[in-house]
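# Structure assessment
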Amino acid sequence: MEVREMKVGFIGIGTMGKPMAINIIRAGYSLIVNDVNEQAVQELVKLGAKKAQNQCELAQQSDVIITMLPNGAIVEQVLMGEKGIFAGAKAGVCLIDMSSVAPSFTQKMAKLATEKGLGYIDAPVSGGVKGATEGTLTIMVGGETELVNQIHPLLEVLGKKIYHVGAVGSGDAVKVVNNLLLGVNMAAASEAFVLGTKIGINPQTLFEIISASSGNSYALSAKMPNFVFKNKFAAGFSIDLQYKDLELAVQTAKELKVPMMLTNVAQQLFEQARANGLGKEDISAIIKPLEELMGIKVRI
């Protein structure tokens, strides 16, 4: 495979980031990695990546830098730390933040990057670990058209549906709205199935009918049969991360003075699950406190 000329830095090689980084290597790009997870770093080095000792060193060697991190505070530290990206990136380097953060945060970081002569794009994703592994993610991109066009071939390695939705921060705005709906739908599906099961309806029957009717949703079709019914709650997308994304929605809504009644209630249900020690489990585990309250289990 011909090695592509663009040198790609990657920071954040966790559950989502590692398979994304692997796909970049397989596509023929020169990849430089840095992460707190040394084991993941070494796995990528064995596949052909180069290890950087810190973010500054990584930035010095990269033409494009991807960050895929848990929250805005970590993104800010990686960018602005003493040995961060801003300390090492040369003018013209493009930063692609694929983390899920607030649009206002992205706009702030983009302004600082522009002042240093750097490009900045937000490109959060949807599709979970399966999409990251198969390179079929949906990617929501915000940034200048010329810059987006330049890095589009790299994004095509990671996803199949790539939407340039507007100026910088727009991708994060779409992701906030998407994950708001996921959280609210998961809460609603959990309540509905606890009610149906308490009434005495077989959960499988309930699922077959609703999944073919107007009450269907991704939360129902993906989470009920694969997680809840099987009593397997290992995180595909954790309650902690969903809670964080709902907080981003609430935060953004407060900035714009938009009421979020359903979102606030859903967030409290996820907060209850976190208080019960379920934060690291899949979002479908939000059903557990409701089951316990009603003395039933929605299982097949």
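Please refer to the structure higher up on the page.
Presented here is an overview of the structure given in this document. (Residues numbered from 1 in each chain as written. Predicted model: local features only at pLDDT ≥ 70, side-chain atom pairs only at ≥ 80, totals over all residues. Heavy atoms only, no water.)

We now examine the pattern of salt bridges. Once the charged atoms of two side chains with opposite charge are near each other, the side chains can pair. Scanning the entire structure with this criterion turns up twelve salt bridges. K223 is the salt-bridge partner of D282, the closest N and O atoms lying 2.9 Å from each other. Of this pair, D282 sits in the loop between α13 (261-275) and α14 (287-294) while K223 is found in helix α11 (residues 218-228), placing the two residues 59 residues apart along the sequence. D282 gets classed as buried once you look at its relative accessible area, which sits at 0%. Judged by its relative accessible area of 6%, K223 falls in the buried class. (Salt bridge = Lys/Arg side-chain N within 4 Å of Asp/Glu carboxyl O. Helix = DSSP H or I, 4+ residues; strand = E, 2+ residues; numbered from the N terminus. Buried < 20%, exposed > 50% of the residue type's maximum accessible area, 1.4 Å probe, protein only.)

With that out of the way, let us pick up the nonpolar core. Grouped together as the largest cluster of nonpolar side chains are 57 residues, with contacts concentrated most on I85, L95 and M224. Counting residues per element, this core draws most heavily on helix α9 (residues 170-199), at nine residues. In this structure, F10, A21, A40 and I139 belong to the second largest nonpolar core, which totals 37 residues. (Core = buried A, V, L, I, M, F, W, Y, C linked by side-chain atoms within 4.5 Å.)

With that settled, the discussion passes to empty space enclosed by the protein. A full pass over the atoms with the stated rule returns one cavity of 30 Å³ or more. Every element with two or more residues in the lining of the largest cavity is listed here: α9 and α12 (239-256). Ranked by residue count, the leading element in the lining of the largest cavity is α9, at four residues. In terms of residue class, the lining of the largest cavity is made up of three nonpolar, two polar and three charged. (1 Å grid on protein atoms, 1.4 Å probe; cavity = no way out; pocket = protein on both sides within 12 Å on 5 of 7 lines; lining within 4 Å. Points joined across faces, edges and corners; volume = space filled by probe spheres on them. Nonpolar A, V, L, I, M, F, W, Y, C, P; charged D, E, K, R; others polar.)

With that out of the way, let us pick up the packing of aromatic side chains. As enumerated under the stated definition, the model contains two aromatic pairs in all. A ring pair is formed by F193 and F229, whose centres lie 6.2 Å apart and whose planes are at 50°; its orientation type is tilted. Of this pair, F193 sits in helix α9 while F229 sits in the loop between α11 and α12, placing them 36 residues apart in sequence. As far as the burial class goes, F193 and F229 line up, both buried. Aromatic side chains F207 and F229 sit 5.9 Å apart centroid to centroid with 85° between the ring planes, which places their arrangement in the edge-to-face category. Here F229 lies in the loop between α11 and α12 and F207 lies in helix α10 (residues 203-210), a separation of 22 residues in the sequence. Through a chain of ring-to-ring contacts, the aromatic side chains of F193, F207 and F229 assemble into a single cluster. (Phe/Tyr/Trp six-rings, centres within 6.5 Å; stacked < 30°, edge-to-face > 60°.)

Along the polypeptide, T67 turns up in strand β4 (residues 64-67). Once you skip the residues sitting within four places of it in the chain, T67 turns out to touch I11, V78, I85, I96, D97, M98 and S99. (Contact = heavy atoms within 4.5 Å.)

This paragraph deals with the pairing of β4. Residues V64 and I66 line one face of β4 and the alternating positions I65 and T67 line the opposite face, and both faces are buried. Here four bridges tie β4 to strand β5 (residues 94-97), and the two strands are oriented parallel to one another. Opposite I65, over in β5, you have L95 as the bridge partner. (Pairing = 2+ DSSP bridges.)

Before going further, it helps to spend a moment on the layout of surface pockets. The volume enclosed by the second largest pocket comes to roughly 200 Å³. As for the second largest pocket, its lining consists of G92, A110, T114, L118, G119, Y120, G143, E144, L147, A167 and V168. Of all the secondary structure elements, the ones that give two or more residues to the lining of the second largest pocket are α6 (103-115) and β6 (119-122). By residue class, the composition of the lining of the second largest pocket is six nonpolar, four polar and one charged.

What follows covers the pairing of strand β8 (residues 137-142). The buried fraction of β8 amounts to five of the six residues, a majority that puts the element mostly inside the structure. As paired elements, β8 and strand β9 (residues 159-166) share six bridges and run parallel to each other. Bridge pairing links M140 to Y163 in β9. With respect to chirality, the unit in which β8 leads through helix α8 (residues 145-158) into the neighbouring parallel β9 is right-handed. (Right-handed = clockwise from strand over helix to strand, strands pointing away.)

Time to look at unusual backbone geometry. Its identity as a non-glycine residue notwithstanding, N231 has a phi of 55°, on the positive side. Relative to the assigned elements, N231 resides in the loop between α11 and α12. For N231, a relative accessible area of 48% gives the class partly exposed. Phi angles above zero are rare outside glycine, and K257 is one such case at about 60°. Structurally, the position occupied by K257 is in the loop between α12 and α13. The class for K257 is exposed, based on a relative accessible area of 74%.

What follows concerns α6. Its 13 residues give α6 an end-to-end C-alpha distance of 19 Å, which sits within 8% of 18 Å, the value for a rise of 1.5 Å per residue. Along α6, the residues that are buried comprise P103, F105, T106, M109, A110 and A113. Looking straight down α6, one finds its buried side chains confined to an arc of 150°; they lie on one side. Residues of α6 that are exposed and angled more than 90 degrees away from the buried face: K111 and E115. Along its buried surface, α6 packs onto α4 (72-80), α5 (85-88), β5, β6, α9 and α12. The first or second residue beyond α6 is G117, which carries a positive phi of 80°. (Expected span 1.5 Å × (residues − 1). Arc of directions from axis to C-beta.)

Nothing here speaks to function; it is geometry throughout.
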